[in-house]
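Analysis of the macromolecular model
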Amino acid sequence: MDILVLEPILFAGLAAVAAVSGLLVIVQRHAVYAALFLIITMGSVAGLYVLLEAHFVWAVQVLVYAGAIMVLFLFVIMLLNLPREDVPWAPRDIRRIVLAASLSVVLLIELALVIGLRTAPAKEPALSVGFGTTEMVGRLLFTKFLFPFEITSIILLVAIVGAMVLAQKHFR
Amino acid sequence: MTVPLSAYLLLSAYLFVLGVIGVATRRNALIIFMSIELMLNAVNLTFVAFSRFLQSMDGQIFVFFVMAVATAEVAVGLAIILAIYRNRETVDVAELNLLKW
């Protein structure tokens, strides 16, 4: 079957999985289940990256997000060994929750309206050869975006040192 | 390219709002943190979708930077949560009221 025929089906499936598991992330009582559903959400978003011809971003999403970051989350959950919450949302702050949820729904409606008002770019844009490949990303990173790329390394260094200092035993 | 741009944008708006709800309503610091990751993912999806439809690779480079910053943020943030747990024996943000006046 042609990929053009499959694309809407793949999009619908991946979007549905991302939507449902994203919702399940925020209603779980136990952080471990939330983390596992977050991995599923990130996996389906990675699938959408493939549909959008972003192959390098797909690889980084799977390796860094679904791999490294979520392993870090699971390690911390394991270290803390938190008890299961009785209810995900305490009944006594139900008014605050209703307020927050309704404001969020208003935000969603606003975003949907803004998206609906904009006309989409002309359909079927022809892509240049090598769009989204590691080679093209690397070329851009080391030419046009060289300075931000170097700044990123400093951010990562600061994060490493900061995490080491904060997580050591006698930090008070 | 048969899926319109607005479909991708709507999905990422939905994921972003889920993250907002999680941050605003949950009290477990770890789940609040995961909701922030959900929002970052939604924004990344927007970047990649625009990058595809505008035929410009710049959006994908931005995703790369967002991911680098997110990694740094998770490392430091989880270390802070660990330090808080050592001192207070809880990660419930409602009980962390030292800065509340």
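Values in this document were obtained by computation on a predicted structure and should not be read as measured data. (Residues numbered from 1 in each chain as written. Chains lettered and ligands numbered in written order. Predicted model: local features only at pLDDT ≥ 70, side-chain atom pairs only at ≥ 80, totals over all residues. Heavy atoms only, no water.)

1. Regarding the overall build of chain A
Helix and strand counts for chain A come out as six helices and zero strands. N-terminal to C-terminal, the α/β element order of chain A is α-α-α-α-α-α. In chain A, which comprises 172 residues, the proportion classed as buried is 33%. Here the analysis covers contacts within chain A between residues at least 6 apart in sequence; of these, 59% occur between residues at least 24 apart. As displayed, chain A has an accessible area near 10500 Å², and 74% of this comes from carbon and sulfur atoms. (Helix = DSSP H or I, 4+ residues; strand = E, 2+ residues; numbered from the N terminus. Buried < 20%, exposed > 50% of the residue type's maximum accessible area, 1.4 Å probe, protein only. Contact = heavy atoms within 4.5 Å. Areas by Shrake-Rupley, 256 points an atom, 1.4 Å probe, with all protein chains shown as cover.)

2. Concerning the side chain of A:Q28
All names here are of chain A. In this structure, Q28 sits in the loop between α1 (3–27) and α2 (31–51). Judged by its relative accessible area of 15%, Q28 falls in the buried class. Polar contacts involving the side chain of Q28 include one to the main-chain carbonyl oxygen of L24, which spans 3.4 Å. (Polar contact = N/O pair within 3.5 Å; in protein donor to acceptor, adjacent residues only side chain to side chain.)

3. Thoughts on the interface of chain B and chain A
Counting residues at the interface gives 70 residues for chain B and 83 residues for chain A. Across the contact surface, chain B and chain A share one salt bridge. One salt bridge in this structure joins B:D58 and A:K144, with 2.8 Å as the shortest N-O distance. At the surface where chain B touches chain A, the tally comes to nine residue pairs in polar contact (both at pLDDT 80 or more). Of all the secondary structure elements, the ones that give two or more residues to the side of chain B that touches chain A are α1 (5–25), α2 (29–53) and α3 (58–88) of chain B. Broken down by element, the residue count for the side of chain B that touches chain A peaks at 25 residues, all from α3(B). The residue inventory of the side of chain B that touches chain A, partitioned by class, reads 50 nonpolar, 14 polar and six charged. (Salt bridge = Lys/Arg side-chain N within 4 Å of Asp/Glu carboxyl O. Nonpolar A, V, L, I, M, F, W, Y, C, P; charged D, E, K, R; others polar.)

4. Comments concerning the packing of helix α4 (residues 94–117) of chain A against α1(B)
Running from amino to carboxyl end, α4(A) crosses α1(B) at an angle of 165 degrees, the nearest separation of the two axes being 9 Å. Classified by the interaxial angle, the pair formed by α4(A) and α1(B) is roughly antiparallel. The handedness of the crossing between α4(A) and α1(B) is right-handed. Listed contacts from α1(B) to A:R96, A:I97, A:A100, A:S104, A:L107, A:L108, A:L111, A:A112 and A:I115 of α4(A) are B:S6, B:L9, B:L10, B:A13, B:Y14, B:F16, B:V17, B:V20, B:I21, B:A24 and B:T25. Tallied by class, residues from the contact of α4(A) with α1(B) come to 16 nonpolar, three polar and one charged. (Axes fitted to C-alpha atoms, helices over the stretch in contact; angles between N-to-C directions. Parallel < 35°, antiparallel > 145°, perpendicular 65-115°, else oblique. Left-handed = near helix turned anticlockwise from the far one by under 90°.)

5. Side note on the confidence of the model for chain B
Close inspection of predicted coordinates is inappropriate for parts of the model with low pLDDT. All names here are of chain B. Confidence in the prediction for chain B averages 88 pLDDT; 97% of positions are at 70 or higher. Summarising per-element confidence for chain B, the mean pLDDT is lowest in α1 (89) and highest in α2 (92). The complex model carries a pTM of 0.88, and its ipTM stands at 0.91. (pLDDT = per-residue confidence, 0-100.)

6. Comments concerning the nonpolar core
Of all hydrophobic cores here, the largest spans 66 residues; its most connected members are A:F73, A:L80, B:Y8, B:L30, B:M34, B:L78 and B:I81. Taken together, the elements giving at least two residues each to this core come down to α1, α2, α3 (55–80) and α5 (134–142) of chain A together with α1, α2 and α3 of chain B. Excluding anything up to four places from it in sequence, B:M34 contacts A:V25, A:A31, A:A34, A:A35, A:L38, A:F73 and A:I77. (Core = buried A, V, L, I, M, F, W, Y, C linked by side-chain atoms within 4.5 Å.)

7. A short note on unusual backbone geometry
Glycine aside, negative phi is the norm for most residues, and most peptide bonds take the trans geometry. In this model, A:E53 sits at a positive phi of 60 degrees, which is unusual for a non-glycine residue. Turning to its location among the elements, A:E53 is positioned in the loop between α2 and α3. Look at A:E53 and you get partly exposed, because its relative accessible area is 30%. A positive phi angle is found at B:Q55, which is not glycine, with a value near 55 degrees. Relative to the elements of secondary structure, B:Q55 occurs in the loop between α2 and α3.

8. A closer look at the packing of helix α6 (residues 146–167) of chain A against α3(B)
Each pair of packed helices can be described by the angle between their axes along with the distance between the axes. Remark: α6(A) packs on α3(B), axes separated minimally by 9 Å, with the N-to-C direction vectors making an angle of 10 degrees. Taken together, α6(A) and α3(B) sit at an angle that is classed as roughly parallel. In this structure, α6(A) uses A:P148, A:F149, A:T152, A:I155, A:L156, A:A159, A:A163, A:L166 and A:A167 to contact α3(B), whose residues at the interface are B:F64, B:F65, B:A68, B:V69, B:A72, B:A75, B:V76, B:A79, B:I80, B:A83 and B:R86. Of the residues in the contact of α6(A) with α3(B), the class split is 18 nonpolar, one polar and one charged.

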